[in-house]
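Structural features, examined
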Amino acid sequence: MPKAYVFTRNGGPEVESLIDQDVPVPGPGELLVAVRAAGVNPVDWKLRDGYVRPGSERQSFPTVFGSEAAGVVEGIGPDVEGFAIGDEVFGNPVTGGYAEYTLLPVAVTAHKPAGLSFTDAAVLPVAAATAYDGVRQLGLAPGSTLLITGAGGGVGTAAVQLARHSGVHVIGAAGAAKKEFVESLGAVHVESGPGLADRVRAVAPDGVDAVFDLVGGDTLRAVAPLLADPAALISAGGKPLAVELGGAAVARARTAAVLDEVAKLVVGGVLRTHVNRAYPLLGAGDALRAVESGHSLGKTVIEVVA
Ligand SMILES: NC(=O)c1ccc[n+]([C@@H]2O[C@H](COP(=O)([O-])OP(=O)(O)OC[C@H]3O[C@@H](n4cnc5c(N)ncnc54)[C@H](OP(=O)(O)O)[C@@H]3O)[C@@H](O)[C@H]2O)c1
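Residues numbered from 1 in each chain as written. Predicted model: local features only at pLDDT ≥ 70, side-chain atom pairs only at ≥ 80, totals over all residues. Heavy atoms only, no water.

1. Things to note about the packing of aromatic side chains
Across all of its chains, the model carries four aromatic pairs by this definition. With 5.6 Å between their ring centres and 25 degrees between their planes, Tyr5 and Phe65 make a pair best called stacked. Taken together, the positions of Tyr5 in strand S1 (residues 3-7) and Phe65 in the loop between strand S4 (63-64) and strand S5 (69-76) put the pair 60 residues apart, joining distant regions of the chain. As far as the burial class goes, Tyr5 and Phe65 line up, both buried. Put simply, the rings of Tyr5, Phe7, Phe61, Phe65 and Tyr98 touch in pairs and so form one group of aromatic residues. (Phe/Tyr/Trp six-rings, centres within 6.5 Å; stacked < 30°, edge-to-face > 60°. Helix = DSSP H or I, 4+ residues; strand = E, 2+ residues; numbered from the N terminus. Buried < 20%, exposed > 50% of the residue type's maximum accessible area, 1.4 Å probe, protein only.)

2. So, the sheet that holds strand S14 (residues 248-249)
Taken together, six strands build an open sheet; the order of strands is S11-S10-S9-S12-S13-S14 and the sheet is parallel. At either margin of the open sheet sits one strand with a lone partner, and together these are strand S11 (188-191) and S14. Of the strand pairs in this sheet, strand S10 (residues 169-174) and S11 are connected by four bridges, and their pairing is parallel. Counted as the bridge partner of Ala173 is Val190 from S11. The strands touched by helix H3 (residues 124-138) within the sheet are strand S9 (145-149), strand S12 (210-213), strand S13 (233-235) and S14, with S12 carrying the most contacts at an inclination of about 160 degrees. (Pairing = 2+ DSSP bridges. Contact = heavy atoms within 4.5 Å. Axes fitted to C-alpha atoms, helices over the stretch in contact; angles between N-to-C directions.)

3. Structural notes on the UniProt feature "domain: Enoyl reductase (ER)" (unreviewed entry) in the protein chain
Within the UniProt annotation, "domain: Enoyl reductase (ER)" (unreviewed entry) is assigned to residues 11-302. Across residues 11-302, helical content stands at 30% and strand content at 25%; the span's end C-alpha atoms are separated by 22 Å. (UniProt positions renumbered as here; feature names shortened; annotations may be inferred.)

4. Here we look at the nonpolar core
Counting 66 residues, the largest nonpolar core has Leu147, Ile148, Val208 and Phe212 as its most contacted members. For this core, the leading source of residues is H3, giving eight residues. Looking at this core, you find at least three residues from each of domain 1 (3-123 + 273-303) and domain 2 (127-249). Not counting residues up to four positions away in its chain, the partners in contact with Val208 are Thr145, Leu147, Ile171, Val200, Leu226 and Leu227. With 20 residues, the next largest nonpolar core counts Tyr98, Leu281, Val291 and Val304 among its residues. (Core = buried A, V, L, I, M, F, W, Y, C linked by side-chain atoms within 4.5 Å. Domains from an automatic or database assignment.)

Put into structure tokens, the structure is as follows:
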């Protein structure tokens, strides 16, 4: 039977398990996909801990981990157009990506361009698409200055590149160990941690035009006063606090059209995925631990052998 990496109830790593599961059956508007790669994101362990997505119901258990995946279509549910058996696709699964088989709803599934690997495609639907949505939401003019916190993580890595591509000056806050990496993306690096706002002022004496926050908490509180207009603050890392401070959450599009756009940017050489480490499905727990540390560099992926 096919394997899947699940959590059996809410809790810590002790509730994780690799199990055998039936091949899922695609419902209306869904594709059965043989997974080749699945991205690993902070939301995966947050859901295991008990986080419930706004508008979602509590999970039934066991729940397969994983919010983004790429693979090959092996089955097609009712009311699906534009997809065929054998198509290579990527998107946001409804049944979890850390598995040999998953279900992708066509509304959030795109065809994988031939020039894009499964591994690269698997990390686009959550982190890169969030970066794309956020940079578009800010709509900054070329020459503006944007501060990105958590600039060396999954979303930050993509956000720095996309903002730079729009001609925006980027200040990237990240740990000292990520200085070279953040600079290689085209940002001015400032070290995160206490005193961050002063370090930003030192490199941007005229202030910053916008903040894209990916950390939340004390970091978000510290950088919010740098803005003349609090509305120019968006966050994927601390949404309620961003709103409290006068800003907003990143408004996620979650459409196949955005996935197509992001894939084109990768194939066109504008956006690099920076997959830092790939793990086999058997090592899914280690992959999660790497992301759960809160300090991963770029993206972490699980690769599923065909
Ligand atoms: N709303 C959405 O749809 C959506 C989508 C994607 C992500 N998110 C959320 O956005 C956040 C970022 O996601 P991600 O995938 O980029 O995560 P990630 O890959 O884990 O990166 C987060 C970055 O934050 C930095 N960081 C962690 N703790 C910190 C602290 N105490 N102070 C300063 N920096 C700290 C880390 O950098 P250093 O090692 O340099 O400290 C790390 O690179 C997460 O909360 C995630 O759940 C939301």
